Each structure stands twice: as C-alpha cells, then as structure tokens.
Amino acid sequence: MQIQEKMTFETWPAVPEKETLEGRNKFLGFWLFLGGETVLFATLFATYLALKDKVPGPDHPLAQDLYSMPLVFVMTMLLLTSSLTSVYAIYHMKNFNFKKMRFWFIITVLLGLGFLGCEIYEFNHYVHDYNHTFSSSAFGSAFYTLVGFHGAHVIFGLCWITALVVRNWRRGLSLYNAPKFYVASLYWHFIDVVWVFIFSVVYLMGMVG
Amino acid sequence: MNSYAQKRGFLATLWDYLTTVDHKKIAILYLVAGGFFFVLGGIEALLIRVQLAVPNNDFMSADMFNQVMTMHGTTMIFLAAMPLLFALMNAVLPLQIGARDVAFPFINALGFWLFLFGGIFLNLSWFLGGAPDAGWTSYASLSLASEGKRIDFYTLGLQISGFGTLMAGINFIVTIINMRTTGMTYMRMPMFTWTTFVACSLILFAFPPLTISIFFLIFDRLFGAQFFNVDMGGNTIIWEHLFWIFGHPEVYILVLPAFGIFSEVISTFSRKRLFGYASMVFATVLIGFLGFMVWAHHMFTTGLGPIANAIFAVATMAIAVPTGIKIFNWLLTMWGGSIKLTTPMLYAVAFIPSFVIGGVTGIMNAASVADYQYHDTYFVVGHFHYVILGGVVFAVLAGLHFYWPKMFGTMLNETLGKITFWLFLIGFHLTFFVQHFLGLMGMPRRTFTFLEGQGLETGNYISSIGSVLMAVASVILVINIIITSVKNKKVGNDPWGDGRTLEWSISSPPPYYNFKQLPLVRSIDAYWHEKMEGRKEMPPAEPLGDIHMPNPSFIPFMISFGLFIAAFGAMYRPDYSWGLPVLIGGLVITFGSMLVRSLKDDLGTYIKKEELDDDKGVKA
C-alpha cells in the first residue's frame with residue numbers, strides 16, 4: 001500500500017501503524033529506544049536508592065519529612081488517566097475516526113498539563129518550605145534528577161503530541177501519520193509506567209522505609 | 001538521484017556530503033573523521049612514548065602528560081575505533097543483507113554529525129585552556145578536583161557523541177531485523193552482520209548508564225549538584241559503577257564487529273565456509289550477554305569485598321569459553337582450506353595469536369586476588385592494548401583493505417599493504433609485549449616519568465621504538481591510499497575473486513540504490529552458493545519496479561550543531577552572563593530543527609523503472 005494514498009474507513013487497515021515499511025521501522029525502532037530509556041531510568045533509580053537520605057547534617061529534611069500522599073495521589077491519578085485517554089485515542093485511530101482521536105489526545109495533553117502543574121508546585125514547595133534543593137545534598141540532587149528527568153519527559157511528550165495534533169488538525173489520518181500518533185502514544189505510556197515506579201520506589205518507600 | 005549530486009563542483013560535493021542520507025556516503029564520512037581522530041590519537045600516543053623513552057625525561061610536564069594520556073584514551077575509544085567500525089558497518093552491512101538502505105537514513109546521518117560535533121568539541125579543549133586530565137575513565141574523585149574547564153570538555157563532548165552512537169546502534173538493529181531481503185533468514189546472515197547486531201544491542205543497553213553518569217558529572221561541575229561530593233552525602237563509587245557498566249560492554253561493542261570482520265576475511269581467503277557457523281552465532285550472543293555481568297572486575301581493588309570480587313572473577317573467566325569457541329572455529333576454518341595470504345588475511349592470521357595473548361592476560365587480571373598485584377600497573381596497559389590493537393585495530397586495517405574496493409571501486413596496493421602489515425605487527429608486539437613485564441616490575445600506569453636504576457629503562461626504550469614502527473606503518477598506509485586514489489584503477493564486482501556474500505555480487509562501488517532488484521538468498525554465503533551453481537549473478541526476488549529513496553536533509557547537521565552551541569553555553573554559564581542565553585539558543589536550534597523534521601512531510605522520492613533500465617555503468 002502506498003504511503004500517500006487517500007484512505008477511507010473501508011480501506012483503512014487493521015494495524016495502520018505497521019502497514020508501511022516506514023511504519024514497521026518506526027514501531028520497532030521506537031520500542032528499542034524505549035529499551036534504552038528503561039536502562040536510563042534504571043540507572044537513575046539505582047542512584048536515587050544509593051543516595052536516598054544521604055544529607056550533610058541532621059537539620060536537612062529526609063524523605064519521610066517531605067513527601068505527602070494526597071498530592072502524589074492526585075498526580076498519579078492524573079497521569080494514569082491520561083494514559084487511558086491516549087488508549088482511547090489510539091482506539092479511534094485504528095477505527096479511522098480522526099476527530100475522536102484528536103479529542104482524546106487533547107484530553108491526554110490537558111491531563112498531562114495538570115500533572116506537570118502539580119509537579120511544579122511540589123518542587124516549589126520543597127525548595128521554599130523545606131530548603132530541600134538540587135544543591136543542598138546528594139539526596140536532593142538524586143531526587144530532583146530522577147523526578148526531574150521524568151518531568152522533562154512529560155514536557156517533551158506534551159510538546160510532541162500537541163505538535164502532531166496541531167500539524168494534522170485538518171489533514172485527517174493517513175498511513176504516513178498513523179505511525180507517528182501510535183509512537184507518540186507509546187512514549188506517553190512509557191512515561192506513565194516510569195511514574196508508577198517513581199510512585200512506588202520514591203514516594204511509597206520514602207514514606208514507609 | 002538528487003540534483004546536487006550531478007554537478008560536480010566542490011561546493012556541490014560539499015553540500016552533497018553535508019546533507020547525505022546515503023549509507024555509503026555516511027560510511028566515507030565516518031572513515032574520514034574516524035581516520036583523522038585515529039591520527040590525532042596516534043600522535044598523542046607517540047608523545048607519550050617520547051616522554052617515557054628515557055628516565056627522568058622532561059619532554060613534557062606532568063600536567064601536560066595527564067592531558068595527552070587522557071586524550072589518547074578518550075580519542076582512540078570514542079572517536080577513532082567506534083567510528084571506524086561504524087564506517088565499515090555503514091559501507092557493508094546493508095549490502096550484506098540485501099537492503100537498499102538502512103532503516104532510518106535520516107537518523108544514520110544524525111548519528112554521524114552528533115559524533116563529529118562531539119569529537120570536535122572535545123578536541124577544542126586543546127585551544128581553550130587545556131584538555132581533560134583525569135584519564136579516559138574520568139573517576140569522579142579526580143575529575144571533580146580538576147580545575148578550569150578541562151573535564152567539562154570531556155563530559156559535554158562525550159555526551160553529544162554518545163547520543164550519536166546510541167542512534168547509530170538503534171538504526172542498525174532495526175535495519176537487520178526489518179530490512180533483510182527474501183530468503184536472508186537470521187541463520188543465513190553473514191557473521192559481520194551478526195556481530196554488528198549483537199554489538200548494537202550492547203550499545204543500546206550500555207550507553208544509557210554512560211549518558212546518566214556523564215549527566216551527573218555535568219550537574220556536579222556546572223549546576224551545583226552533589227552526586228559525588230562526599231561532604232554533602234555524595235558517593236564517588238557510583239561513578240565507577242556506572243562508568244564500568246558502560247565501559248565493559250564497550251569493550252565488546254568494539255571487539256565483536258572485529259570478530260565479524262575476521263570471520264568474513266578468514267572464510268573468504270580460506271575459500272571455505274566458516275567452520276561452526278551456528279556456534280559462532282551462539283558464542284557472539286553469549287559474549288554479549290556475559291559482557292554485562294562483569295563490570296566490577298575493573299573495581300577489584302575498590303573494596304567491594306571478597307564475595308562480590310569472587311562472583312565477578314568467575315563471571316569474567318566464563319567469557320573465555322565462548323571466545324575460545326571462536327578462536328577454534330577460525331583455526332578450523334583455515335584447516336584444510338585453500339589459503340590465500342592477502343593483506344587482510346595476514347591481519348586475520350596475526351590477530352589470532354595476538355588476541356589470545358590479550359585473552360590470557362585477561363584471565364590473569366580476572367583472578368581477583370592476583371589482580372591486586374596487576375591493578376594500575378603497565379601490565380593492564382599491555383593487556384588492553386593487546387586486546388584493542390590486536391583485536392580491533394587489526395580488524396579495522398583488515399576490513400579497510402578488504403572492503404576498500406567495495407567502498408571506492410579500486411584496490412589498495414598489496415605490496416605496500418603487506419609492508420604496512422609487517423611493520424605494524426612488529427611495532428605492535430615490540431611496544432606492548434614488554435609493558436607486561438614493566439608492570440610486573442612495578443611500573444605504575446599513567447606515570448609521567450620514572451627513575452634511573454630501577455630496571456625500567458630497557459623495557460621503556462624498546463616500547464618507544466615499537467611505537468615508531470607503528471607510526472611508520474601508518475604513514476605507509478596513507479601513502480598507499482594516496483597512490484591508489486590517484487591511479488584509481490577501477491575493479492569489477494568481486495575483485496578478490498572469492499567473495500561469498502551479497503556485497504560482492506554488485507558493482508564496486510554499488511549504485512546509490514544498491515540493488516536494482518533485491519536478490520533472492522538461497523543459502524548461507526549466498527553469492528558463493530550461486531557461483532558454485534554456475535551462475536554469475538544473484539537470482540532476483542522481485543520484478544523490476546520503481547525504487548523508493550529518502551530525500552537528503554540538512555537537518556541532522558543543524559540538530560547536532562545546536563547541541564554543539566548549547567554545550568559552550570552550559571560550560572561558560574557559571575562564569576559569564578552570556579552562557580545561559582547561548583545554552584538556551586543552542587537548545588532552541590536543536591529542538592526547533594527536530595520540530596521542523598516532525599512537521600515537514602518527507603515522503604522520499606521514487607526512481608522510475610525506466611531510469612533504472614538505461615542506468616548501465618551506474619555511478620553513485
């Protein structure tokens with residue numbers, strides 16, 4: 001099937017993201033990239049665990065003093081829901097329903113922005129109310145680097161999905177842009193999975209252990 | 001063909017190479033850039049040997065020696081060995097699997113430009129206040145204490161070139177999985193393709209820890225983080241772990257493609273199928289897997305304790321098993337073969353004993369208790385130069401002579417090639433064999449001078465003479481390349497006459513679309529199989545049709561250039577107010593270029609069937 005071909009609901013394939021060779025390459029290449037990203041975050045997690053609560057003096061706050069469950073719970077819910085809405089978007093992409101896909105991607109972006117807002121509030125809170133900064137201790141460096149890397153991924157993902165939606169606003173679906181949407185949603189799920197680990201390893205273990 | 005390539009003015013050619021996404025041209029770019037850095041690293045090596053030729057030498061200050069020694073190691077590993085291997089991979093791998101291009105031509109170009117800008121950034125340190133001086137391993141306790149901007153050149157430069165390597169790795173994995181022609185099953189892939197596949201998988205999983213540990217060092221030095229600052233709760237051992245979790249697989253990233261090249265060369269010039277192909281594949285994968293389990297053998301004296309040391313010692317020794325399988329397979333490939341001692345074959349034959357010496361000293365180092373004696377001495381220097389020169393550099397030289405006709409359409413001179421080989425071989429053993437004994441006699445690694453009367457004079461003097469022989473060999477290689485290029489005597493598809501794999505079934509150099517019709521592979525060593533059946537060409541796997549080609553693009557250059565600018569901003573931000581805007585400006589260039597790439601449709605072009613028909617003496 002040619003990549004430029006004008007598609008209709010009837011001719012739209014079952015697996016549009018893997019219909020062309022370019023699509024198959026993108027699909028596989030992106031999965032591999034996520035493999036590398038997994039190692040990247042694993043490295044950050046390992047460093048965080050090694051440096052957790054490693055602070056210069058007794059007056060520096062520790063994990064137990066900092067984290068608060070209500071805020072982190074809201075953030076988790078926002079991000080998990082955004083993952084669900086991106087599944088809806090891809091569901092509609094597979095059914096050649098561009099408008100509904102666009103709608104659910106916009107919802108995904110809005111939820112992601114909500115998450116990002118909470119994270120900015122959280123960092124601000126730690127810095128100004130606890131003096132827990134990037135430079136105040138090795139614990140602080142490891143915390144902000146791990147969670148901040150995740151936050152940077154969220155920002156990148158939001159820009160990416162927004163750019164795709166805006167670019168294709170009037171163009172509808174084609175075999176050229178279907179893999180792009182699919183891969184962006186894969187990225188978004190990956191961000192979500194990493195957050196699940198951050199929630200468990202940083203926040204839950206930080207409050208219990 | 002794009003319109004730029006047809007006019008052959010200098011600027012047009014330059015623009016052609018700046019925007020190319022053709023894997024064969026990217027191979028030439030990698031070869032030129034990697035060759036340049038190889039010469040640079042070689043000059044640094046010569047300076048080291050001049051300084052150490054006689055006791056109490058004052059040719060260089062201790063500070064200068066630290067810079068030269070650090071840059072020698074960093075340049076050779078990151079900017080010479082890997083790019084030269086990437087050059088051979090780019091030149092040959094798509095041809096070997098019967099593909100018209102790599103999976104991501106754009107990313108392939110991006111990988112090259114990132115590497116080049118990273119390498120240039122690193123080497124600009126020579127002119128901007130001094131080069132990195134904490135060793136190529138840049139242990140945090142040393143690198144945090146280093147003053148000025150030296151280490152920042154190391155971290156930022158390697159970060160940029162590391163991104164490029166990661167992308168090149170992903171590109172090759174996808175190419176091998178998705179782009180193989182009809183009948184090219186996994187177990188019919190040439191050995192070089194297999195080893196590239198495994199090496200690129202190692203890149204994928206080994207480079208992220210390096211990326212992160214370099215980020216830590218950047219953050220510590222430039223942005224006030226405390227990862228390695230013990231006063232603030234930091235821990236310098238984290239750097240050691242992360243560096244070697246990358247650093248050990250890196251050894252296999254280098255040496256596995258080298259094994260692949262030797263497998264091709266030995267099989268071709270023994271005119272026999274590679275002995276134990278399946279066990280070769282198995283051994284390659286096993287080496288790749290075990291390569292991740294052994295990083296702490298670089299840290300036996302760090303104090304991880306006897307249990308950790310014992311586990312890592314045993315795991316390290318286990319790697320000798322698959323490597324041994326390979327050695328025996330090569331020997332048995334030659335056994336009973338009709339051997340032709342061409343230049344590439346000479347390198348391959350010399351590689352076997354040289355590499356075995358490196359392997360045996362490796363096992364000696366792996367014995368953790370004995371390693372307390374060898375650690376940080378010239379014994380280790382001797383060991384890893386036997387592995388990396390005897391393995392990787394021999395392979396690159398063999399591969400260059402072997403694939404030169406495929407890359408440039410003309411043969412390197414065999415006589416000069418053999419002179420290069422003998423000088424290099426003798427120089428290599430002269431330089432590094434004595435270093436084992438110097439180490440055992442107690443000469444520490446990275447020392448900038450030594451005293452008289454401690455028994456170290458003769459060994460060091462011999463070692464320095466050997467390095468001169470290698471330098472002479474390299475000069476002869478360059479002369480050979482110049483003479484060959486000037487003569488430019490064109491050769492046919494299969495200039496060695498014994499080509500076994502698909503790359504030898506098409507013209508040298510191949511047309512820019514590689515295969516007019518994708519070939520049908522019916523056996524391992526597909527081309528040899530067809531020759532044995534009496535055919536001169538591969539049977540086609542598809543009817544003649546339009547060929548889809550990617551468009552050239554300047555964006556890879558711009559993305560890399562943006563990071564290059566941003567790196568200067570990040571480095572001078574703590575001292576100058578213009579640092580931050582430059583950092584942001586560079587990132588805007590990079591991400592802006594990525595956005596343009598994402599928003600602008602790039603559907604590629606088609607070469608029409610009719611055009612292919614009149615394309616007889618095709619020229620890329």
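Here's what I pulled together on the structure shown here. It should be emphasised that the depicted structure is a prediction, and the values quoted were computed from it without experimental measurement. (Residues numbered from 1 in each chain as written. Chains lettered and ligands numbered in written order. Predicted model: local features only at pLDDT ≥ 70, side-chain atom pairs only at ≥ 80, totals over all residues. Heavy atoms only, no water.)

## Thoughts on the packing of helix α5 (residues 138-167) of chain A against helix α6 (residues 178-208) of chain A
Residue and element names in this part refer to chain A.
In step 1: Put simply, α5 and α6 touch, their axes get as near as 10 Å, and they point 160 degrees apart. For the element pair α5 / α6, the angle class is roughly antiparallel. In the packing of α5 onto α6, the handedness of the crossing is left-handed.
In step 2: Partitioned by chemical class, the residues of the contact of α5 with α6 number 21 nonpolar, three polar and one charged. (Axes fitted to C-alpha atoms, helices over the stretch in contact; angles between N-to-C directions. Helix = DSSP H or I, 4+ residues; strand = E, 2+ residues; numbered from the N terminus. Parallel < 35°, antiparallel > 145°, perpendicular 65-115°, else oblique. Left-handed = near helix turned anticlockwise from the far one by under 90°. Nonpolar A, V, L, I, M, F, W, Y, C, P; charged D, E, K, R; others polar.)

## Brief notes about the environment of F219 of chain B
In step 1: Among the secondary structure elements, F219 of chain B is positioned in helix α8 (residues 191-222).
In step 2: Ignoring anything within four residues of it in the chain, the contact list for F219 of chain B reads F134, T145 and F149 of chain A together with G224, A225 and F227 of chain B. (Contact = heavy atoms within 4.5 Å.)

## Things to note about the interface of chain A and chain B
In step 1: Contacts between the two partners involve 40 residues from chain A, matched on the other side by 40 residues from chain B.
In step 2: Buried area between chain A and chain B, summed over both chains or domains, comes out near 3100 Å², and the portion from carbon and sulfur atoms is 71%.
In step 3: Looking at the side of chain A facing chain B, the largest losses of area belong to N25, L32 and Y176 of chain A, adding up to 16% of the total buried there.
In step 4: Along the contact surface separating chain A from chain B lie two salt bridges. (Buried area = accessible area lost by both parts, 1.4 Å probe. Salt bridge = Lys/Arg side-chain N within 4 Å of Asp/Glu carboxyl O.)

## Focus on the packing of aromatic side chains
In step 1: Scanning the model with the defined rule gives 92 aromatic pairs over all chains in all.
In step 2: The interplanar angle of 75 degrees and the centroid separation of 5.3 Å between the aromatic rings of F149 of chain A and F215 of chain B together place this pair among those described as edge-to-face. Of the two residues, F149 of chain A sits in helix α5 while F215 of chain B sits in helix α8, which places them in two different chains.
In step 3: Across from the ring centre of Y17 of chain B, 5.9 Å away, lies the NZ or CZ of K25 of chain B, which sits over that ring.
In step 4: Directly above the aromatic system of Y186 of chain B lies the positively charged group of R180 of chain B, at a separation of 3.9 Å from the ring centroid. (Phe/Tyr/Trp six-rings, centres within 6.5 Å; stacked < 30°, edge-to-face > 60°. Lys NZ or Arg CZ within 6 Å of the ring centre and 35° of its normal.)

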